[in-house]
Amino acid sequence: MKPLALATAIAATFAWSLAAADAESSIPRMADGHPDLSGVWWGGADIGGRPAGGGGGRGAGGPGRGRGGPAPVTFSSLYTAEAKDHAKTLSDKDDPTLTCTPTAFGTLNVSLWDVGGVGQIVQTPKFVIMLTETYHGWQIIPTDGRGHRDTVPPSNRGDAVAHWDGDTLVVDKTNFNDQTWISAEGRVSYHSDELHITERYRRLDKDTLEVEATLEDPKVLTKPWVVPKQTLKLAPFDQIMPLDCNSSDVKELIDAASAQKR
Amino acid sequence: MKKILFAVLGVAAAAAVPALAHHSFAAAYDMQSPITVHGTIDKVLLRNPHSWFMIDVKNEKGEVEHWAFEAGTPSGMIRNGYTPTIIKQGAEVTIKGFRARDASQKRGMLRELTTADGKVFGLFGPQEDKK
């Protein structure tokens, strides 16, 4: 290598190292040294909203948005033959989220968001608390090394525990019921009570959170579903909104309107 | 009773189906059956899974009909500039949308709402920055 090329390569490597060090040093940390994942995280905009730079609201970063190429691997694309047959008996009218039931995972492949596109993390020395805006979901995830509880019933979002692998938070979720789907929007994605989700959260810098997930369900899947890596951005607000979900009284209003009884 | 202005128009204003017609909109609403109604707002429900605009409309016989139009998720509407008080009860509006597949229902999917002073709202709130 010529001296000028060598010098350029060294300078580029040095600059990259400085940038990486800057990103590393911008990560907020807890007193125990672990990254602090606290913040409101979204894709850069809310559903139907104006992009706030970078991301794109609903549709940001998920599968199936590109043109051409093979169809994205989804949870239901890995169904066993028997599960595929059962899926054919279901349609979007059976989507549990229409009656305010959350998903087991998330429509945009981000469990923090559930059916929406915004979620908040609050971290304490003992717990990482994940709060979902749409449908008001929450998970209190212990990080002190305890295991799963055997005293709680199966639930829509499962029981979660976590541990740190270096700077990566590894979340393990089990004990789901079989009453939810993996995602919403009418995409048939039912699962069994043997659903097991592993997620890895890593704060890349002050404004960026990377999430990886693997879903296993030996009752209905031929193999685990490795979810495409998702990149979340820190939102320019620090509090999610209290927005109710209620489909029952709306149905009454619609029925009343139709019957002209009001 | 609030002042009722016009009748159901049922205008066949062919319009592009919103790119973000999600959840079971396609199952619940007939995108080949556009409808336009003009009346006064009875109630706005900003809530999940979707928001609703309830509107009183006078039909061709002069009778008041109560219609319900489904809109987007409240968080998206609010972050797009919609506020809970921006359209009050009694406000005169025109709503363009698509009728429910169940024709017995006076129900539709909101595509565009225009206020008396010309403000335009879409499935997810204000539209002025989207043109």
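Residues numbered from 1 in each chain as written. Chains lettered and ligands numbered in written order. Predicted model: local features only at pLDDT ≥ 70, side-chain atom pairs only at ≥ 80, totals over all residues. Heavy atoms only, no water.

Student: Please give an account of the overall build of chain A that cites residues and values.
Tutor: The number of helices and strands found in chain A is three helices and nine strands. The order of α-helices and β-strands along chain A, N terminus first, is α-β-α-β-β-β-β-β-β-β-β-α. Residues classed as buried in chain A amount to 44% of the 262 residues present. Sequence-distant contacts in chain A: of pairs separated by 6 or more residues, those separated by 24 or more amount to 55%. Carbon and sulfur atoms form 57% of the exposed surface of chain A, whose accessible area is close to 12,900 Å². (Helix = DSSP H or I, 4+ residues; strand = E, 2+ residues; numbered from the N terminus. Buried < 20%, exposed > 50% of the residue type's maximum accessible area, 1.4 Å probe, protein only. Contact = heavy atoms within 4.5 Å. Areas by Shrake-Rupley, 256 points an atom, 1.4 Å probe, with all protein chains shown as cover.)

Student: So what's going on with the confidence of the model for chain B? Residues and values would help.
Tutor: All names here are of chain B. Taken residue by residue, chain B gives an average pLDDT of 80. The fraction at 70 or more is 78%. Between the elements of chain B, mean pLDDT differs from a low of 76, seen in helix α1 (residues 25-28), to a high of 96, seen in strand β4 (residues 92-100). Below pLDDT 50 for its whole length, residues 1-21 participates in 55 contacts with residues either more than four positions away or in separate chains. In the predicted assembly, ipTM is 0.75 and pTM is 0.81. (pLDDT = per-residue confidence, 0-100.)

Student: Report on unusual backbone geometry, specifying residues and quantitative values.
Tutor: Note that the residue after Asn48(B), namely Pro49(B), is joined by a cis bond; omega there is 0 degrees. One non-glycine residue, Asp114(A), lies in the positive phi region at around 55 degrees. Tracing the backbone shows Asp114(A) in the loop between α2 (81-87) and β2 (118-123). Phi is positive for Asn175(A), close to 60 degrees, though the residue is something other than glycine. With respect to the helices and strands, the residue Asn175(A) is situated in the loop between β6 (168-174) and β7 (196-205).

Student: Describe the packing of aromatic side chains, naming the residues involved and giving the relevant values.
Tutor: All names here are of chain A. Enumeration according to the criterion identifies eight aromatic pairs over all chains in this entry. On the basis of an interplanar angle of 40 degrees and a centroid distance of 5.1 Å, the ring pair of Tyr 79 and Tyr 190 is categorised as tilted. Of this pair, Tyr 79 sits in the loop between β1 (39-42) and α2 while Tyr 190 sits in the loop between β6 and β7, and the two are 111 residues apart along the sequence. The two residues Tyr 79 and Tyr 190 agree in class, both being buried. Between Phe 105 and Trp 225, the ring centres sit 6.1 Å apart and the planes meet at 80 degrees, which makes this aromatic pair edge-to-face. (Phe/Tyr/Trp six-rings, centres within 6.5 Å; stacked < 30°, edge-to-face > 60°.)

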